[in-house]
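Structure at a glance
Take a look at the letters that make up each chain.
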Amino acid sequence: MTPLHAALCVPDFRVAALTRGERERQPTAVAEGLPPNQFLCGADEEARAGGVAEGMPLAAAKVRYAYSGPGEELRILLRDEAAEQRAQRALLELAETVTPRFEDSAPGLLTLDFQGLREPHLSAEALARGAAELGLPARVGVARNRFVALCAARTQPGVTHVYPGEEAGFLEVQGLEILPLSEGERRTLERWGVRMVGELARLEERELTERFGVRGAWMARWARGEDSGLLQTWEAPPSLEVFRDLDWELGELEPLAFVLSGLLETLCLRLQSHNLAAARLQTRLKLARGRAFERSLDLPQPLSDPRTLLELIRIDLAAHPPGDAIVGVRVSATPAPRRRLQFSLFAPDLPGPEKLAVTLARLTALTGEGRVGAPAVADVWRPGAAGVAEFAPKVKKDPALPCEPRERLSRGLAFRAFRPPWPARVALRDAKPARLETMDLMGEVTAQAGPWRVSGEWWTAEGFQYEEWDVEVQERLYRACLDRQTGGWCVTGMYD
Amino acid sequence: MEGAIQRQRLENLLRESGLGKALPKPETPRYPAVRTGWRELDERLGGGLPRGAISEITGPDSSGRTGLVFSLLARETGEGAAAAYVDATDALDPRSALEAGVDLARLLWVRCDPREAPRYEKAQRVDQAWQASNLIAAAGGFGLIVVDLGGLAVRRLRQWQRRPWVRLRQAVEHTTTALVVLASDPVAGSAAGAVVGLQRQSVQWRDGLLLDGIRTTGSVLRRKGAAEDAGAAARRAA
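These numbers come from a predicted model, not from an experiment. (Residues numbered from 1 in each chain as written. Chains lettered and ligands numbered in written order. Predicted model: local features only at pLDDT ≥ 70, side-chain atom pairs only at ≥ 80, totals over all residues.)

A few points about the overall build of chain A
Counting secondary structure elements, chain A contains 14 helices and 20 strands. Taken over 496 residues, chain A has a buried fraction of 33%. Excluding contacts between residues fewer than 6 apart, the proportion of contacts in chain A whose partners are at least 24 apart in sequence is 57%. (Helix = DSSP H or I, 4+ residues; strand = E, 2+ residues; numbered from the N terminus. Buried ≥ 20, exposed ≤ 12 C-beta atoms within 10 Å, placed from the backbone. Contact = placed C-beta atoms within 7 Å.)

Comments concerning the overall build of chain B
A count of helical and extended segments in chain B gives 7 helices and 8 strands. Residues classed as buried in chain B amount to 51% of the 238 residues present. Counting only contacts in chain B whose residues sit at least 6 apart along the sequence, the fraction spanning at least 24 positions is 69%.

A look at the confidence of the model for chain A
Interpretation of this model should avoid reading the predicted coordinates in detail wherever pLDDT is low. Here chain A shows a mean pLDDT of 86. Residues at 70 or above account for 95%. Taken as a whole, residues 401–411 of chain A scores under 50 in pLDDT and shows 20 contacts with residues more than four places along the chain or in a different chain. (pLDDT = per-residue confidence, 0-100.)

Comments concerning unusual backbone geometry
All names here are of chain A. That bond from Arg419 to Pro420 is cis: its omega, -5°, falls within 30 degrees of zero. Along the polypeptide, Pro420 turns up in strand 15 (residues 415–429). Of note in this structure, Ala431 is not a glycine but carries a positive phi near 60°. Inspection of the secondary structure assignment puts Ala431 in the loop between strand 15 and strand 16 (432–437). In this structure, Glu457 is a non-glycine residue whose phi angle is positive, near 50°. Positionally, Glu457 belongs in the loop between strand 17 (442–456) and strand 18 (464–473).

Considering the interface of chain A and chain B
It is common to report an interface's size as the accessible area lost on association of the parts. With 53 residues of chain A at the interface, the matching set in chain B holds 60 residues. When residues of the side of chain A that touches chain B are traced back to their parent elements, those giving at least two are helix 14 (353–367), strand 13 (372–376), strand 15, strand 17, strand 18, strand 19 (476–483) and strand 20 (489–495) of chain A. The element best represented in the side of chain A that touches chain B is helix 14 of chain A, accounting for 7 residues. Of the residues belonging to the side of chain A that touches chain B, the class tally is 29 nonpolar, 8 polar and 16 charged. As paired elements, strand 13 of chain A and strand 3 (residues 107–111) of chain B share 2 bridges and run antiparallel to each other. Residue pairing across strands places A:Gly373 opposite B:Trp109, the latter belonging to strand 3 of chain B. (Nonpolar A, V, L, I, M, F, W, Y, C, P; charged D, E, K, R; others polar. Pairing = 2+ DSSP bridges.)

A closer look at the sheet that holds strand 5 (residues 102–106) of chain A
Residues and elements named next belong to chain A. What the 5 strands build is an open sheet, ordered 5-6-1-7-8; its pairing is mixed. Sheet topology places strand 5 and strand 8 (159–162) at the edges, where each strand pairs with a single neighbour. The average angle at which neighbouring strand axes cross in this sheet is 20°, direction not considered. With 4 bridges joining them, strand 7 (residues 139–143) and strand 8 adopt parallel strand pairing. Across the sheet, Gly141 pairs through a bridge with Thr160, a residue of strand 8. Relative to strand 7, helix 5 (residues 120–133) is tilted by about 160°, and along the sheet it contacts strand 1 (5–9), strand 7 and strand 8. (Axes fitted to C-alpha atoms, helices over the stretch in contact; angles between N-to-C directions.)

Section: the packing of helix 10 (residues 205–212) of chain A against helix 11 (residues 214–224) of chain A
Helix-helix packing is characterised by the crossing angle of the two axes and by the distance between the axes. Residues and elements named next belong to chain A. Between helix 10 and helix 11, whose axes approach to 6 Å, the crossing angle comes to 145°. Once helix 10 is placed against helix 11, the crossing between them reads as right-handed. Contacts between helix 10 and helix 11 pair Glu205, Leu208, Thr209, Arg211 and Phe212 from the former with Arg215, Gly216, Ala217, Met219 and Ala220 from the latter. Here the contact of helix 10 with helix 11 is built from residues that sort into 5 nonpolar, 2 polar and 3 charged. (Left-handed = near helix turned anticlockwise from the far one by under 90°.)

A few points about the nonpolar core
In this structure, B:Leu73, B:Leu144, B:Val146, B:Leu149 and B:Val180 are the most contacted members of the largest nonpolar core, which totals 123 residues. Aside from chain neighbours lying at most four places away, what touches B:Leu149 is B:Ala88, B:Val126, B:Ala129, B:Leu157, B:Val181, B:Leu182, B:Ala183 and B:Val187. By size, the runner-up hydrophobic cluster in this structure holds 58 residues, among which are A:Leu91, A:Leu136, A:Val148 and A:Ala223. (Core = buried A, V, L, I, M, F, W, Y, C linked by C-beta atoms within 7 Å.)

Here we look at the pairing of strand 5 (residues 178–183) of chain B
All names here are of chain B. Burial of strand 5 is extensive: 6 of the 6 residues sit out of reach of the surface. As defined by bridge partners, strand 1 (residues 53–58) adjoins strand 5 across 6 bridges and the pair is classed as parallel. Opposite Thr58, over in strand 5, you have Ala183 as the bridge partner. Of the strand pairs in this sheet, strand 4 (residues 142–148) and strand 5 are connected by 5 bridges, and their pairing is parallel. Bridge assignment links Val146 to a residue of strand 5, and that residue is Val180.

Considering the environment of A:Pro300
Residue and element names in this part refer to chain A. Note on placement: Pro300 falls in strand 11 (residues 292–303). Note: C-alpha distance between Pro300 and Glu390 (90 residues apart in sequence) is 7.6 Å. Leave out the neighbours within four places in its chain, and Pro300 touches Leu356, Ala357, Leu360, Glu390 and Ala392.

Describing the sheet that holds strand 10 (residues 276–287) of chain A
Residue and element names in this part refer to chain A. Pairing is antiparallel in the open sheet, where 4 strands are placed in the order 9-12-10-11. Every other strand in the sheet has two partners, leaving strand 9 (241–250) and strand 11 as the edge strands with one partner each. Put simply, the sheet's adjacent strands are angled 15° from each other on average, direction ignored. Against the sheet, helix 12 (residues 253–273) touches strand 9, strand 10 and strand 12 (326–337), its axis set at about 30° to strand 12. Strands strand 10 and strand 11 of the sheet are contacted by helix 13 (residues 306–319), whose axis makes an angle of about 135° with strand 11.

Side note on the packing of helix 12 of chain A against helix 13 of chain A
Residue and element names in this part refer to chain A. In the contact formed by helix 12 and helix 13, the axes pass within 9 Å of each other and the chain directions differ by 140°. Regarding helix 12 and helix 13, the two cross each other, and that crossing is right-handed. Contacts between helix 12 and helix 13 pair Leu253, Ala257, Leu260, Ser261, Leu264, Glu265 and Cys268 from the former with Pro306, Leu309, Leu310, Ile313, Arg314, Leu317 and Ala318 from the latter.

Side note on helix 13 of chain A
Residues and elements named next belong to chain A. An ideal rise of 1.5 Å per residue puts 20 Å on 14 residues; helix 13 measures up with 20 Å between its terminal C-alpha atoms. Listing the buried residues of helix 13 in full gives Pro306, Thr308, Leu309, Leu310, Leu312 and Ile313. Buried residues in helix 13 make contact with helix 12, strand 10, strand 11 and helix 14. (Expected span 1.5 Å × (residues − 1).)

What about the confidence of the model for chain B?
Mean pLDDT over chain B works out to 80, with 81% of the residues at or above the 70 mark. Counted against residues more than four places away or in other chains, residues 116–121 of chain B, with its pLDDT under 50, gives 3 contacts.

What about the environment of B:Glu99?
Residues and elements named next belong to chain B. Checked against the element boundaries, Glu99 lands in helix 4 (residues 94–99). Looking at Glu99, the number of C-beta atoms within 10 Å reads 18, which means it is partly exposed. Between the C-alpha atom of Glu99 and that of Phe70, which follows or precedes it by 29 residues, the distance is 9.5 Å.

A word on the pairing of strand 9 of chain A
Residues and elements named next belong to chain A. Of all the 10 residues making up strand 9, 1 are buried; the element is thus mostly uncovered. The pairing of strand 9 with strand 12 spans 6 bridges and is classified as antiparallel. Residue Leu250 lies in a different strand from strand 12, and its bridge partner there is Ile326.

Right, dumping it as structure tokens:
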């Protein structure tokens, strides 16, 4: 069966998405960014006729239009990505009514497979009419070749049919701008005197390949109107929300696990069938007396195993109980691509991601939020300062040789921090600590080194200024600090 | 070497007495040990701290215990393995660990919660440390788990029954995980496969202005399947 493609193009899509349904036309441009750095990202034909172009600073565009425009006022609208998504979604729904096989090629641009349709002419007309009814006036091109159909839709008004055998003739009279060339490639071709697609088609493919590499071969094929790749069929995104209203109230978490288990099985099946995993889980519980309870789980790695997800939700709900009887459950997932893991033959094994996620959740439930993770060096020299980062070890590509000498590994005295620091009383002799007393320790200072002055965050209310001493008391080595703001002493840690 | 000679003598004696049978072969470790990076100590330990067993690093404060543990962590994380640090007293200083060469991204730090009432605090912390260690050991995939009980009184730790240590040993048995307990005195009893004792020899001060290092001696107080260590190894942590 002969292939047949149609393309639907909404010109100036960003403007069209914002002005859907408006009857009166007015020169319009779309700007993005925050003042004063606003730039134009779209303009309709009337605005472009007044000298306005995409990428122009907003202020410059206004001035340019005021001088060279036709006199009618230029309307500036702010870009609305949600409106663009709504418009694109409407176009996709329209395409679905014509054929099940179509591609979401770009914002405002669809490619449809018309092969096998009985009345392609009528379908193309219906497509153009449907788009106009949506408030998105569109151009439609129909051709055997997908690329030619796209070119026809982008360049010709209304509905254009390019019949078999006429592809090269149609393209011949088009300018180079219809081809997907980079700026550099276009400039090079123009330097050679090539301005029309027909002129490019007459060049030898081998010579173009010698000069442009693989891109040269593609250019020759585009210019001759030969086919260009497969259609990437659009699929509706999966619904990643599952819910169940209960006929009876659940007062405990254990029976809730049975309900959650079924819901998560369904959710994970949907995720897996689209090669996705959950990066975030949101559990919403409908409680008795019309109240609601919501918990969000940010997963350390995207997961799609229902048992692991159930365990994570159970741990979380056990740590944060809803506090009332449950009458409805709703679970939704934020999708992410599934992780790809390359194992190494030589690197040591790491904890499995599912087990690690559950273990981290259990450890957090045991010790509290923010107390489990990879240690992080705090960007401040305040005594005892430390941070906790996300723990997600990756397979090391070049593990160190096991015979690495020890000298490379031990680089300093190990320090143990006291959190919070021990309050202390210090007696001085010759401006040096001579005796140290704390709740658990009392003794003469037999040796000391210091002082080292440490300060920071003086620009905030929590600013600090310390004078640090390394002291030896009862054969132990401590770090004693004098708070220069309060005059008090404390012991912040021990060398070990 | 001495152990091998004694074994040979005993086997000869058995043969001469007509009892005939040789002694059962000593257990050979299934996985390579975790080397401390302290050559003499590794030799005395038979290659390092055993995997699939509990080891204890003991000694008084400022005897270099934490430095030795950092050395183990640096070696293990440097080879690409994941390690865990169960910190009963929230004493880990990330800057100090980083300077010792520990790859912090591969270290799981569990800071036991100090928010409980002071009266029950220490018992609570030990309980948390034990539960956390069990969870991590059960997850698998960690090359080294350090349970830091360094700041806790031995009296408190000994109140903890022997049973938890046996369970902890069973959790790591037949795995590649080495579980190291840092404490001021041995606490795991017979559940420990090796016990290393550290003693501070001297402190070195440079020109009276800078704390330069600690000179430490280490001895193997106990090692399963080996005669008690007669000598001691010395080193300087700086």
